[in-house]
Amino acid sequence: MAQRDADCLFCKIVAGEIPADIVTKDDEIVAFRDINPQAPTHVLVIPREHFPTAAAAGSADRGLMDAIARVAGEVARIDGVADDGYRLVFNTGPAAGQEVFHVHGHVLGGRSLTWPPG
Ligand code: 5GP
Ligand code: ZN
């Protein structure tokens, strides 16, 4: 039985209970546009199953982090940013600004994203 958190915003998006602008999806993963984009491409890539953090999803040893990375690459191709490059970010915990505790990779592209900035 897949884990779901009844109070989780992204579980509700997976279930279709809250609308989202879906970019691509498969049996394991859903990718949808961030509601408050920080770059021309800003897509969130999540597993259908609820894990609070990237570490928790990785520890489940189910290949979900691999699947997120693969779908992030598909998203970059769909948006035409794969060749220029993009950033794949997992905020983890309050100090990193994680607000939604359902693991999500941010795919950011379409502008300069070098780090450190400047
Ligand atoms: P975090 O800060 O947890 O790494 O990222 C959460 C992201 O989810 C933020 O970039 C925020 O804009 C996005 N977000 C929050 N609520 C919604 C929503 O209802 N729909 C979509 N598409 N994105 C959301
Ligand atoms: Zn969830």
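Above: the structure in question.
Here the structure is a predicted model, which means the values were calculated and not measured.

K.L.:
For this particular structure, what's the right way to read the packing of aromatic side chains?
P.N.:
The geometry of an aromatic ring pair comes down to the distance between the two centres and the angle between the two planes. Enumeration over the complete set of coordinates arrives at one aromatic pair. Taking 5.3 Å as the distance between ring centres and 80° as the angle between the ring planes, the aromatic pair formed by F10 and F32 counts as edge-to-face. Of this pair, F10 sits in helix 1 (residues 9–14) while F32 sits in strand 2 (residues 29–33), and the two are 22 residues apart along the sequence. Here the two residues F10 and F32 agree in accessibility, since each one is buried.

K.L.:
What is the right way to look at the coordination of the zinc ion (ligand 2) in this model?
P.N.:
Ideal coordination angles are 109.5 degrees for a metal with four donors arranged tetrahedrally and 90 or 180 degrees for a metal with six donors arranged octahedrally. Coordination sphere of the zinc ion (ligand 2), protein contribution only: C8 (SG), C11 (SG), H50 (ND1) and H102 (ND1), at 2.1 to 2.3 Å. One can describe the donor arrangement at the zinc ion (ligand 2) as tetrahedral, given that its four donor atoms subtend angles of 106 to 116° at the metal. Each donor residue of the zinc ion (ligand 2) lies on one chain, and together they are spaced C-x2-C-x38-H-x51-H. Of this pair, C11 sits in helix 1 while H102 sits in the loop between strand 4 (86–89) and strand 5 (105–109), and the two are 91 residues apart along the sequence. For H102, a relative accessible area of 0% corresponds to the buried category.

K.L.:
Looking at this structure, how should I read the environment of A67?
P.N.:
Topologically, A67 is positioned in helix 3 (residues 64–79). What makes A67 buried here is its relative accessible area of 4%. Other than its neighbours up to four places away in sequence, A67 contacts E28 and I29.

K.L.:
I would appreciate a short explanation of the site of ligand 1 in the present structure.
P.N.:
Neighbouring residues of ligand 1: 16 residues in total, closest D34, G97, E99, H104 and H106. One nitrogen or oxygen atom from the main chain of G97 is found 2.8 Å from an oxygen atom belonging to ligand 1. V100 places a main-chain nitrogen or oxygen 3.0 Å from an oxygen atom of ligand 1. Put simply, the parts of the chain that give the shell around ligand 1 at least two residues each are helix 1 and strand 2. Take the shell around ligand 1: its biggest share by element is three residues, from helix 1. Here the shell around ligand 1 is built from residues that sort into seven nonpolar, six polar and three charged.

What counts as what
- Residues numbered from 1 in each chain as written.
- Chains lettered and ligands numbered in written order.
- Predicted model: local features only at pLDDT ≥ 70, side-chain atom pairs only at ≥ 80, totals over all residues.
- Heavy atoms only, no water.
- Phe/Tyr/Trp six-rings, centres within 6.5 Å; stacked < 30°, edge-to-face > 60°.
- Helix = DSSP H or I, 4+ residues; strand = E, 2+ residues; numbered from the N terminus.
- Buried < 20%, exposed > 50% of the residue type's maximum accessible area, 1.4 Å probe, protein only.
- Donors = N, O, S within 2.8 Å, 3.2 Å for Na, K, Ca; no water.
- Tetrahedral: all angles 85-135°; square planar, octahedral: opposite > 155°, others 65-115°.
- Contact = heavy atoms within 4.5 Å.
- Near = heavy atom within 4 Å.
- Polar contact = N/O pair within 3.5 Å; in protein donor to acceptor, adjacent residues only side chain to side chain.
- Nonpolar A, V, L, I, M, F, W, Y, C, P; charged D, E, K, R; others polar.

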